[in-house]
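Spelled out from the first residue to the last, the chains are:
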Amino acid sequence: MTLEVKGVTLELTASCNLKCTICPLGTGLLKRKCKTMPYALVDRILYDNPNLERINLNNWGEPLLHPEFFRILSGINTRLPKCQIHFATNGTLLSDSVAEKLLKHRIHEIQFSVDGIDDTYERIRNTKYNEVRERIETFIKRRNAAKNPVRIIIKAVVCKETEDGIEALTKAWTGLADEVRLQPMLEYKEGVRSGPCRELFNDPVVVFTDGRVVPCCSDYNGELELGDAYIADLRTIWNGRMAEAIRDTHKRLKYPKVCQLCTEYKTDRCKERFK
Ligand code: SF4
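Please read these numbers as outputs of a predicted model, since none were measured by experiment.

Asker: Sorry, what's going on with helix α5 (residues 129–146) here?
Answerer: One turn of the α-helix equals 3.6 residues, which is why residues spaced by three or four share an orientation. Look at α5: 26 Å from first C-alpha to last across 18 residues, which is about the 26 Å you get at 1.5 Å a residue. All buried positions along α5 are accounted for by Val-132, Arg-133, Ile-136 and Phe-139. The buried side chains of α5 occupy one side of the element, clustering within an arc of 130° when seen end-on. The outward face of α5, more than 90 degrees from its buried face, is lined by the exposed residues Asn-130, Glu-131, Lys-141 and Ala-145. At its buried positions, α5 is contacted by α3 (96–102) and β4 (109–113).

Asker: For this particular structure, what's the right way to read the site of the ligand?
Answerer: Close contacts around the ligand come from Cys-197, Glu-199, Leu-200, Pro-215, Cys-216, Ser-218, Asp-219, Val-258, Cys-259, Cys-262 and Phe-274, and that covers them all. Across the shell around the ligand, the residue classes tally to eight nonpolar, one polar and two charged.

Asker: Teacher, can you tell me more about the sheet that holds β4 here?
Answerer: As a general point, the strands of a sheet are linked pairwise by backbone hydrogen bonds and lie either parallel or antiparallel. Spatially, β6-β5-β4-β3-β2-β1-β7-β8-β9 is the arrangement adopted by the nine strands of the open sheet, whose pairing is mixed. With partners counted over all chains shown, the strands left at the sheet margins are β6 (179–184) and β9 (227–228), one partner each. Relative to strand β5 (residues 151–158), β4 runs parallel, the two being bridged by five bridges. Looking across to β5, one finds that Gln-111 is bridged to Ile-153.

Asker: It is not clear to me how the environment of Glu-163 should be interpreted in this structure. Could you clarify?
Answerer: In this structure, Glu-163 sits in the loop between β5 and α6 (166–173). For Glu-163, a count of 20 C-beta atoms within 10 Å corresponds to the buried category. Through-space distance from the C-alpha of Glu-163 to that of Asp-233 is 40 Å; in sequence the pair is 70 residues apart. Apart from the residues within four sequence positions on either side, Glu-163 is in contact with Val-158 and Thr-267.

Asker: Just checking my understanding: could you explain the environment of Lys-35 for this structure?
Answerer: Considering the arrangement of structural elements, one finds Lys-35 in the loop between β1 (7–10) and α1 (39–48). A tally of 14 C-beta atoms within 10 Å means that Lys-35 is categorised as partly exposed. C-alpha of Lys-35 to C-alpha of Leu-224: the two residues are 189 residues apart in sequence and 19 Å apart in space. The contact partners of Lys-35, leaving out residues within four places of it in the chain, are Thr-13, Ala-14, Ser-15 and Thr-209.

Asker: What's the story with the nonpolar core in this structure? I'm lost.
Answerer: Across soluble globular proteins, nonpolar side chains have a tendency to be buried as a group. Val-8, Leu-10, Ile-55, Val-207, Val-213 and Leu-234 are the most contacted members of the largest nonpolar core, which totals 58 residues. Beyond its immediate stretch of four places on either side in the chain, Ile-55 contacts Val-8, Leu-10, Ile-76, Cys-83 and Ile-85. By size, the runner-up hydrophobic cluster in this structure holds five residues, among which are Ala-14, Cys-23, Leu-25 and Tyr-220.

Asker: I'm lost on the pairing of β6 in this one. Help?
Answerer: A regular strand places its side chains on the two faces of the sheet in alternate fashion. Both β5 and β6 contribute to a ladder of six bridges, which runs parallel. By the bridge assignment for β6, Ala-156 is matched with Leu-182. Between the parallel pair β5 and β6, the chain is carried across by α6, and the sense of this crossover is right-handed.

Asker: Looking at this structure, how should I read the packing of α1 against helix α2 (residues 69–79)?
Answerer: How two helices sit against one another is set out by the angle between their axes and by the gap between those axes. Relative to each other, α1 and α2 sit at 15°, their axes nearing to 10 Å. The angle between α1 and α2 falls in the class roughly parallel. Where α1 crosses over α2, the two elements pack in a sense that is right-handed. Every residue of α2 that contacts α1 at Tyr-39, Val-42, Asp-43 and Leu-46 is listed here: Arg-71, Ile-72, Gly-75, Ile-76 and Arg-79.

Asker: What am I meant to see in the pairing of β4 here?
Answerer: Burial analysis of β4 places four of its five residues in the buried class, which makes it a mostly covered element. Here four bridges tie strand β3 (residues 84–89) to β4, and the two strands are oriented parallel to one another. Within the sheet, the bridge partner assigned to Thr-89 lies in β4 and is Phe-112. Taken together, β3, α3 and β4 constitute a β-α-β crossover, and its handedness is right-handed.

Rules used in this analysis
- Residues numbered from 1 in each chain as written.
- Predicted model: local features only at pLDDT ≥ 70, side-chain atom pairs only at ≥ 80, totals over all residues.
- Helix = DSSP H or I, 4+ residues; strand = E, 2+ residues; numbered from the N terminus.
- Expected span 1.5 Å × (residues − 1).
- Buried ≥ 20, exposed ≤ 12 C-beta atoms within 10 Å, placed from the backbone.
- Arc of directions from axis to C-beta.
- Contact = placed C-beta atoms within 7 Å.
- Near = placed C-beta within 6 Å.
- Nonpolar A, V, L, I, M, F, W, Y, C, P; charged D, E, K, R; others polar.
- Pairing = 2+ DSSP bridges.
- Core = buried A, V, L, I, M, F, W, Y, C linked by C-beta atoms within 7 Å.
- Right-handed = clockwise from strand over helix to strand, strands pointing away.
- Axes fitted to C-alpha atoms, helices over the stretch in contact; angles between N-to-C directions.
- Parallel < 35°, antiparallel > 145°, perpendicular 65-115°, else oblique.
- Left-handed = near helix turned anticlockwise from the far one by under 90°.

Structure follows, in structure tokens:
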């Protein structure tokens, strides 16, 4: 059976202006060198994959650091006018002019990474909560005044450090943001998988800044490389020899090392993503 690719995550940048304690980029675990996806690669992916229905513009890294971020938004809007655009941001670069430009583009959803209020947030993200809160609140007011349909999500990672503050976070943002979304933290401990990972059968696939394609965000150093978006379209790569070989190892319950280590924080507050 041929698997379709309707969604893709484009890692526009593997750089960040913060050093978060819960992120492989912030903690130095992400070892890849290429830091920025060239506009030409984005354009090529749009050209080669006209059936895309959803594009995420971040993987590991702060997408608003990309020097051609707004050109990329315009490029997607022009080439694939029905494709949904999503991205997550830490919100620290949301100046007035960035906010104004964002609201001039068609974007389906912006997720702001906020894992707690006050001390918890500041310990994890190494930046001031009140400043980011003010930027996001101002953006929500502008969005409402402009009647722009972009959905605004507060996305929190649930882990040992954040779990006790999740209720306060949810209370603080309910009614302001459109949704407070929780996801368990990736932990990378030896785990016991009980079956094939769903990420190997469902898009979005992930394209790194240098064009390499992997099945999931969890493989942040590219150990499960499936192909190269400079060379082939995503459907071909997703149904190719490498992807099939990895699926086969999972079906036989013999997992690659990165998959053995791919575990998530256990919590009743949200579901595991990579079961
Ligand atoms: S187990 Fe983890 S690393 Fe392996 S494919 Fe699934 S999400 Fe990716």
